[in-house]
Amino acid sequence: MKTFFNYITLLALSALCFSCSHQIQLQENEYLLAEQDFNGNQSVHSEDLADLIPLDQRPNSKPLNLPFIQFTPRVWMYNFGLNTFDSTSQAQKLLEAQRALNLLPSGYTGITKTERKKDKLKRKTLRLEENLAQENAWIWRNIGEPQAILTGEEMAETASRIERYLKDIGYRDAVVSYDLDSLLTTEKYKITYNVNEGIGYRIDTVEYAIRDKSLDSLIKAHEDERLIRSGDLFDIRKVRAEKARIELLAKDNGYYNFISQYIQHEAFNASYDAEEFQRTKRGNLRIIVTNPPNEEKHKSYVVKEITFKGFDPYNTDLNITTDTTDINGVEYITLNNSLDEKLIDYKVTTRPGELYNLSSISETQRQISLLNQFSFASSQVFPLNDREVNLEYFAPQLPKYSFSTGPGINHVYNSGSSFLGFGIPVTLTARNLTKKLELFEASGRIFREGQPSPLGTTDVSGSWELGGNLSVTYPNISFFGKNIEKLRLKNPRTQFGAGINYSEPFWGNRLNFQLNSTYRWQPSRYTTIILAPLDANLINTNYNLNDEAGLSFYNELLNQGSLGNNIKTTFDPQFVSSINASFLYNDQNLQEPYGSSKFLQVSLESGGTLLNLFGNKNQIGFIEKAFPLRTDFNSPDTVRQYFRYIKLNVDYRKYVNLAPSSSLAYRINVGVANPYGNESLPYVKNFFIGGSNSVRAWSPRSLGVGSAYPDTASGNIIPQAGDILLQGSVEVRKKVARFFGDIQLAAFVDAGNIWKWYQINTETKLNKANFDFNRFYKEFAVGTGFGVRYDLSYFQFRFDWGIKVVDPSRDEGDRFVLDDFNFKRQVPNGEGSLVNNPYRLNFNLGIGYPF
């Protein structure tokens, strides 16, 4: 029977392979293309040269673009479509679609249902016509690709294209040829473009010849901003960028009609000798700015009138009643007096009587968009004469109210037990209720979801959770009712929020109140400052000791506390308040994922600061009276914990471009927290290490503390918390293929650990868990590994596999563990039984880059 099934499987695979093959009749001077390569280029990346090759002249895609793989699945798919295409059936479907379309009225009917049906039939007709023209179905044409075929003429033209590109970027002596080699294992060919760049031509001096004296003075005043310098290559890309800079500079200073066509350039030397230029490979660059035809100079324009319309003036469906207000010379026209024009006026950067300024207009549109009150912000300029223009902004308001919800189901599985739950979140957003351009958000949620025990003491059980949040956000920052004018164009935000959350896990119940206020602004394009003077959480917890599962869980918490792990503070009644501030610098361009950039975040937090002002530093009297702890459920914890601490975290990341589609990234993350109150931090304020965004050879939060062995419960490692964090990572990223998104490979090395600020006087952690300058450098964990990423631009899936190299929990001198690596899930423990293998591949699934 097994042999019979093997025979059937082999027959099916053979039939599939046959159906996916397609004989191509090549014409004279045509070749099947399998591979493409570049040889000889030293300064210019091969990836830049590959971008110059037309799409239909590139090799067919292969899995991960690995050179030793000749399998081209997309060609197979395309051929399958060719071999199974039924032209008769497609022609019949086309005829039926055309008949159905002809039965509908030809003109616009105004009936939504009819118009949708017409659009659907038109799209179907077009798709069927394309199917017949290419003898392949739409689905196979889109997921597949035809076999790449090259002609001798195309190869020669592409070589010339590459040569012209090299000459344009400064390698004026470049020569490009090509070789065509047949592959031994197939009937296909490999094309190699031989690139001889030659010596690059350099610029000695950059001169500007500007006939308009006013424009000449303007450009010279901004000479330090120019993009071309002495010693640069004669690179047409830099010349174009310099032209764009000059054009924008002119348009920012009144020259409304100035365009880049007025800017020319030429290369020359002192003797105007072309042979000398070629011999020395050096010369001068002259940027020439001409005047308009029949004009002695460029015209400078002043903005005469400015109008802001809080609606779309081109929407003819609106039956509108408008109100007009004049503020600082700007005319504001709004619908039914629905906006506070003074607040909008803070965002308008152009005033009547000023020179026309394109950047100022763009900045105003950006400021209006950041208010989150308008669908979009646009502008239009109306020339009046040779000296004046009128400027009009228009920004249609978003709906006053919006409602969203996203109900769903969730499934939790853990160690053989599972639970199927559901969740219903709802959010109501209200805009500009008090005409202060504020944003009100009210959200609520009800969840019934599975919850495994954090300590592994019970199976997955159902837990109810109900919660609600209220927040209001204002587009300004004010103190005592007075706006800070200097921040009005810095995207200021003031937010006040409150929330409540109630849950009933298996071990008891928990009620959490939240209050917060946040100020946020952007001093510059790349920097953000966040100040939170109030961040308070009041948590009332009741342990259910009348239930066996609750009692077992509580006893395990006590046991962990005796071992030096403060995980119990996660669940205990507590009041946590803090003042925190953050500085963020990020110059990353999301359109250039492999570009060079920097990231820096500095966070400082002071917890329980107000307690220092009271005589009793262990509680706040009015909170204890207003929110007394319940004593039902036979709960033993009737004392609420308060915390005092100082916490600093510095996270620095650097991204270095290596090639157009590869980069090097590294990270240094340092954190220090001093729990000077009761020698313990609120659990969520601790530092943790290990997991998909940390040291990836360890599972989440399982590394540390110091050189102590991790705490366990029911045989499982539980989260390890620390007061001091030292962590670093280095990663190389490389794009290798594209299939609806970039497929990347990565290799990385991670290192780090966490420590406690104070000594822990337990047998397993004494002189191991605390930070000590004499030994901390010996306690770094090191892991390495590789990863695969699928980047869809708006979303990235990340798969990383980490391997432990140095394990600080082992005895000193025995911490190098790379030799212990193997793929087995379980290994013998030396006592005749199997245990989980701690030195196998550790898989991490993540969303987005790890840093």
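Structure: above.
Definitions and limits used
- Residues numbered from 1 in each chain as written.
- Predicted model: local features only at pLDDT ≥ 70, side-chain atom pairs only at ≥ 80, totals over all residues.
- Heavy atoms only, no water.
- Helix = DSSP H or I, 4+ residues; strand = E, 2+ residues; numbered from the N terminus.
- Buried < 20%, exposed > 50% of the residue type's maximum accessible area, 1.4 Å probe, protein only.
- Contact = heavy atoms within 4.5 Å.
- Areas by Shrake-Rupley, 256 points an atom, 1.4 Å probe, with all protein chains shown as cover.
- Lys, Arg positive; Asp, Glu negative; His and termini not counted.
- Charge placed at Lys NZ, Arg CZ, Asp CG, Glu CD.
- Phe/Tyr/Trp six-rings, centres within 6.5 Å; stacked < 30°, edge-to-face > 60°.
- Lys NZ or Arg CZ within 6 Å of the ring centre and 35° of its normal.
- Axes fitted to C-alpha atoms, helices over the stretch in contact; angles between N-to-C directions.
- Parallel < 35°, antiparallel > 145°, perpendicular 65-115°, else oblique.
- Left-handed = near helix turned anticlockwise from the far one by under 90°.
- Nonpolar A, V, L, I, M, F, W, Y, C, P; charged D, E, K, R; others polar.
- Core = buried A, V, L, I, M, F, W, Y, C linked by side-chain atoms within 4.5 Å.
- Salt bridge = Lys/Arg side-chain N within 4 Å of Asp/Glu carboxyl O.
- Expected span 1.5 Å × (residues − 1).
- Arc of directions from axis to C-beta.
- Polar contact = N/O pair within 3.5 Å; in protein donor to acceptor, adjacent residues only side chain to side chain.
- Pairing = 2+ DSSP bridges.
- Patch = residues over 30% accessible without salt bridge, like charges linked within 9 Å, V, L, I, M, F, W, Y side chains within 5 Å.

(A) Highlighting the overall build of the protein chain. The secondary structure content of the protein chain amounts to 14 helices and 36 strands. C-alpha atoms of the protein chain, sized along the principal axes, occupy 90 × 90 × 75 Å. For the protein chain, buried positions account for 42% of its 851 residues. Sequence separation of 24 or more characterises 65% of the internal contacts of the protein chain that already satisfy a separation of 6 or more. About 45,600 Å² of surface is accessible on the protein chain, with carbon and sulfur atoms providing 54% of the total. When the 92 positive and 95 negative side-chain charges of the protein chain are each reduced to one mean point, those points stand 4 Å apart.

(B) Structural view of the packing of aromatic side chains. Counted according to the given criterion, the structure contains 36 aromatic pairs. Ring centres of F258 and Y262 lie 5.8 Å apart, and the angle between their planes is 55°; on these two criteria the pair is classed as tilted. By relative accessible area, which is 16% here, Y262 ends up buried. Judged by centre distance (5.8 Å) and plane angle (45°), the rings of F308 and Y332 are tilted. Of this pair, F308 sits in strand β8 (residues 302–309) while Y332 sits in strand β10 (residues 330–335), and the two are 24 residues apart along the sequence. Here the aromatic residues F506, W507, Y543, F553, Y554 and F571 are joined through ring pairs into a cluster of three or more. Over the aromatic face of F599 sits the side chain of R653, whose NZ or CZ is 4.4 Å from the ring centroid. Sitting over the ring of F851, R733 keeps its end group 5.3 Å from the ring centre.

(C) Seen up close, the packing of helix α4 (residues 87–102) against helix α5 (residues 112–134). At a minimum axis separation of 9 Å, α4 and α5 run at an interaxial angle of 155°. As judged from the angle between their axes, α4 and α5 are roughly antiparallel. Crossing geometry of α4 relative to α5 is assigned as left-handed. Contacts between α4 and α5 pair S87, Q90, A91, K93, L94, A97, Q98, A100 and L101 from the former with K118, L121, K122, K124, T125, L128, E129, N131 and L132 from the latter.

(D) View of the packing of helix α8 (residues 213–221) against helix α9 (residues 236–251). Closest axis-to-axis distance for the α8/α9 pair is 11 Å, and the angle between their directions is 115°. It follows from the interaxial angle that α8 and α9 lie roughly perpendicular. The hand of the α8/α9 crossing is right-handed. Here L215, L218 and I219 of α8 come into contact with α9, specifically with I246, L249 and A250. For the contact of α8 with α9, the residue count by class is 6 nonpolar, no polar and no charged.

(E) Spotlight on the nonpolar core. Judged by nonpolar contacts, the single largest core of 23 residues is most densely connected at F308, I344, I368 and F374. Residue assignment for this core shows that the elements contributing at least two residues are β8, β10, α11 (341–345), α12 (358–369) and β12 (388–394). Beyond its immediate sequence surroundings of up to four residues, F308 is in contact with E331, Y332, I333, I344, I368, F374, Y393 and A395. Grouped together as the second largest cluster of nonpolar side chains are 22 residues, I203, L215, I246 and V289 included.

(F) Seen up close, unusual backbone geometry. Cis rather than trans, the peptide bond between G704 and V705 has omega equal to 5°. For V705, the location among the structural elements is in the loop between β27 (662–674) and β28 (712–713). Although it is not a glycine, N372 sits at a positive phi angle of roughly 60°. With respect to the helices and strands, the residue N372 is situated in the loop between α12 and β11 (378–383). Look at N372 and you get partly exposed, because its relative accessible area is 41%.

(G) Representation of the pattern of salt bridges within the structure. One pass over the structure, following the stated rule, counts 40 salt bridges. Close ionic contact of D711 with K765 constitutes a salt bridge, the shortest N to O distance being 2.7 Å. You can see D711 sitting in the loop between β27 and β28 and its partner K765 sitting in the loop between β31 (742–755) and β32 (781–791), a full 54 residues away along the chain. Pair check on accessibility: D711 and K765 agree, each one buried.

(H) The arrangement of the side chain of R644 in detail. Tracing the backbone through its elements, the reader meets R644 in the loop between β25 (641–642) and β26 (645–659). Residue classification places R644 among the buried positions, given a relative accessible area of 13%. The residues touching R644, leaving out its near neighbours within four places in the chain, are G607, G608, L611, N612, K617, N674, P675, Y676 and G677.

(I) Expanded view of α12. Taking 1.5 Å of rise per residue, the 12 residues of α12 would be expected to cover 16 Å, and the 17 Å separating its terminal C-alpha atoms lies within 8% of that figure. Those residues of α12 that fall on the buried side of the exposure criterion are S360, I361, T364, Q367 and I368. Each buried residue of α12 sits inside an arc of 125° when the element is viewed along its axis, so together they form one side. Check the buried side of α12 and you find it contacts β8, α11, β11 and β12.

(J) Molecular detail of α8. Burial in α8 covers these residues: L215, D216, L218 and I219. Buried residues in α8, looked at end-on, bunch into an arc of 165°, giving them a common side. Counted as exposed and oriented over 90 degrees from the buried face of α8: K213, K220 and A221. Summarising the contacts, the buried residues of α8 are in contact with β5 (202–210), α9 and β7 (282–289). Among the residues of α8, the N-terminal cap falls to D212, whose side-chain oxygen and the backbone nitrogen of S214 are separated by 3.0 Å.

(K) Quick peek at the sheet that holds strand β1 (residues 30–39). The strand order β2-β1-β4-β3 describes an open sheet built from 4 strands, whose pairing is mixed. Sheet topology places β2 (149–151) and β3 (175–182) at the edges, where each strand pairs with a single neighbour. Averaged over neighbouring strand pairs, the angle between their axes works out to 45° when direction is ignored. As judged from the 6 bridges shared by β1 and strand β4 (residues 189–196), these two strands associate in the parallel manner. Directly across from N39, in β4, lies its bridge partner N194.

(L) Summary view of the sheet that holds β12. The mixed open sheet is built from 5 strands, whose spatial order is β9-β10-β8-β12-β11. Here the strands that pair on one side only, and so sit at the sheet edges, are β9 (322–327) and β11. When strand polarity is set aside, the average angle formed by the axes of neighbouring strands in this sheet is 20°. Two strands pair when backbone bridges link them, and β11 and β12 are joined in this way by 6 bridges, in the antiparallel orientation. Residue pairing across strands places V381 opposite L391, the latter belonging to β12. Lying on the sheet, α12 is in contact with β8, β11 and β12; it crosses β12 at an angle near 15°.

(M) Focus on the environment of L489. Mapped onto the fold, L489 is located in the loop between β19 (482–483) and β20 (493–504). For L489, a relative accessible area of 25% gives the class partly exposed. Expressed as a C-alpha distance, the spacing of L489 and D273, which sit 216 residues apart in the sequence, is 53 Å. When near neighbours in sequence (up to four residues on either side) are disregarded, L489 contacts Y346, K347, T349, E363 and Q367.

(N) Inspection of a nonpolar patch on the surface at higher detail. On the surface, I409, L420, F422, I424, I446, W464 and L466 cluster together into a nonpolar patch covering about 640 Å² of accessible area. Of all elements in the fold, only β15 (417–431) and β17 (461–474) reach the threshold of two or more residues within the nonpolar patch. Looking at the nonpolar patch, the element that brings in the most residues is β15, giving 3 residues. Relative to the helices and strands, I424 resides in strand β15.

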